[in-house]
Amino acid sequence: MTRADLDKQPADVAAMFDGVAERYDLMNDILSAGQVRLWRRAVARIIGAGPGDRVLDLAAGTGTSALSFTAAGADCVACDFSLGMLRAGRARIAGDALRLPFRDGAFDAVTISFGLRNVASPGAALAEMHRVTRPGGRLVVCEFSTITIAPLDMLYRRYLTDVLPAIARRTARNPEAYTYLAESITDWPAQRELVGLIEAAGWSAVRWRDLSLGVVAVHVARRRDN
C-alpha cells in the first residue's frame, strides 16, 4: 500500500468501513486483546457526562461507545459516515465530520474515538466539532498514538506492520482494511503534535492522558467562553 492509498477520499473510506461493519466490534476485541473496552471506559470517565448533558459521539461505528454515555443519563447522539456501520449497530445519524448536520453550540461535549485519523482533513473536522460545541463545552479525542518508551514503540510498530495484517488475513473478511489501519496509525502524529492541531482549530486548555503506555492517547480540550 502506498501513501496515496492513505489519502483516500471520504467515499472510499466509508466503503471500506461498510465492508467490515458486521464484524467490526469482534475484530476490535481480537486485535486489541480486549484493551479497546478499557479505552472506551476511560473516555467515558474523562468526559464525565451525566443527566442533562448532550453529547455528540462522532465516528461512533456500531454505536457501542455511545452506550456508556446513555447509561450515565446523558443524551447522546451517535453519528457515523458509514451506512454499513449504521445498519449493523445502534448509531442513528449519518454525518460527515467535515460538514456536521447540527446547529452551532448544540452539544455540551463532542468526542471522537479512533476516527479522527480517517477524516480527509482532521484540522477542518476539529473546527467543525468546535462549531457545534457550546462555549465552555469540551472535546475528547481518543486516538492511537506513540508509545513513550522508544524500544517498546519500535516493537509496537513491528506488530502493526507485520503481525496485525497477518492476524487480519486469518480472521477478517476484508483484511485490506486492516493494512490501511496499521499504516494510518503509523503515519498519525504523536501526542504533542496533535495538541498543536487541536489548538489551531480554536480549542483551548488542551492536554492529554496516555493509555497503555501511549498506544492510545486521550486528548481533552475546552471551547473558550465567548
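Residues numbered from 1 in each chain as written. Predicted model: local features only at pLDDT ≥ 70, side-chain atom pairs only at ≥ 80, totals over all residues. Heavy atoms only, no water.

Q: Outline the pattern of salt bridges, supporting the account with residue identities and numerical values.
A: Throughout the structure, instances matching the rule amount to eight salt bridges. Between Arg 54 and Asp 75 there is a salt bridge whose closest N-O contact spans 2.8 Å. Here the residue Arg 54 occupies a position in strand E1 (residues 54-58), and Asp 75 occupies one in strand E2 (residues 75-80), the gap between them amounting to 21 residues. For Asp 75, a relative accessible area of 40% corresponds to the partly exposed category. (Salt bridge = Lys/Arg side-chain N within 4 Å of Asp/Glu carboxyl O. Helix = DSSP H or I, 4+ residues; strand = E, 2+ residues; numbered from the N terminus. Buried < 20%, exposed > 50% of the residue type's maximum accessible area, 1.4 Å probe, protein only.)

Q: Can you break down the packing of aromatic side chains residue by residue, with the values?
A: Tallied over the entire structure, the rule returns four aromatic pairs. Aromatic pair Trp 39 and Phe 144: ring centres 6.0 Å apart, planes at 90 degrees, arrangement edge-to-face. With Trp 39 in helix H4 (residues 35-47) and Phe 144 in strand E5 (residues 133-144), this residue pair connects regions lying 105 residues apart in the sequence. Measuring from centroid to centroid gives 4.8 Å for Phe 114 and Phe 144, while their planes differ by 40 degrees, and the two rings are tilted. Of this pair, Phe 114 sits in the loop between strand E4 (107-113) and helix H7 (122-132) while Phe 144 sits in strand E5, placing them 30 residues apart in sequence. The class of Phe 144 is buried, set by a relative accessible area of 14%. Here the aromatic cluster, defined as three or more aromatic residues joined through ring pairs, consists of Trp 39, Phe 114 and Phe 144. (Phe/Tyr/Trp six-rings, centres within 6.5 Å; stacked < 30°, edge-to-face > 60°.)

Q: Mind laying out the nonpolar core, listing which residues take part and the relevant values?
A: Core analysis: the largest hydrophobic core is formed by 34 residues, its most contacted members being Trp 39, Phe 69, Phe 144 and Val 216. Only H4, helix H5 (66-71), E2, E5, helix H8 (150-171), helix H9 (175-187) and strand E7 (216-222) provide two or more residues apiece to this core. Ranked by residues supplied to this core, first place goes to H4 with six residues. Those residues in contact with Val 216 that sit more than four places away from it in its chain are Trp 39, Phe 114, Cys 142, Glu 143, Phe 144, Ser 145, Arg 209, Asp 210 and Leu 211. Formed by 27 residues, the second largest nonpolar core is a distinct cluster that contains Leu 100, Ala 125, Leu 126 and Ile 198. (Core = buried A, V, L, I, M, F, W, Y, C linked by side-chain atoms within 4.5 Å. Contact = heavy atoms within 4.5 Å.)

Q: Explain a positive patch on the surface to me, and be specific about the residues and the numbers.
A: Taken together, Arg 41, Arg 45, Arg 207, Arg 209 and Arg 222 make up a surface patch of like positive charges. At the level of secondary structure, the elements contributing two or more residues to the positive patch comprise H4 and strand E6 (204-211). As for its placement among the helices and strands, Arg 222 is situated in strand E7. (Patch = residues over 30% accessible without salt bridge, like charges linked within 9 Å, V, L, I, M, F, W, Y side chains within 5 Å. Areas by Shrake-Rupley, 256 points an atom, 1.4 Å probe, with all protein chains shown as cover. Lys, Arg positive; Asp, Glu negative; His and termini not counted. Charge placed at Lys NZ, Arg CZ, Asp CG, Glu CD.)

Q: Hey, could you go over the pairing of E7 for me, with residue numbers and the actual values?
A: For E7, a buried count of six out of seven residues is recorded, marking the element as mostly surrounded by other parts of the structure. Bridge count for E5 against E7 is seven bridges, and the pairing is antiparallel. Paired with Val 140 across the two strands is Val 220, which belongs to E7. Of the pairings in the sheet, the one linking E6 to E7 comprises six bridges and is antiparallel in character. Each bridged residue has a counterpart across the sheet, and for Leu 211 the counterpart in E7 is Val 216. Between the antiparallel neighbours E6 and E7 lie four residues, among them Ser 212 with a positive phi of about 55 degrees. (Pairing = 2+ DSSP bridges.)

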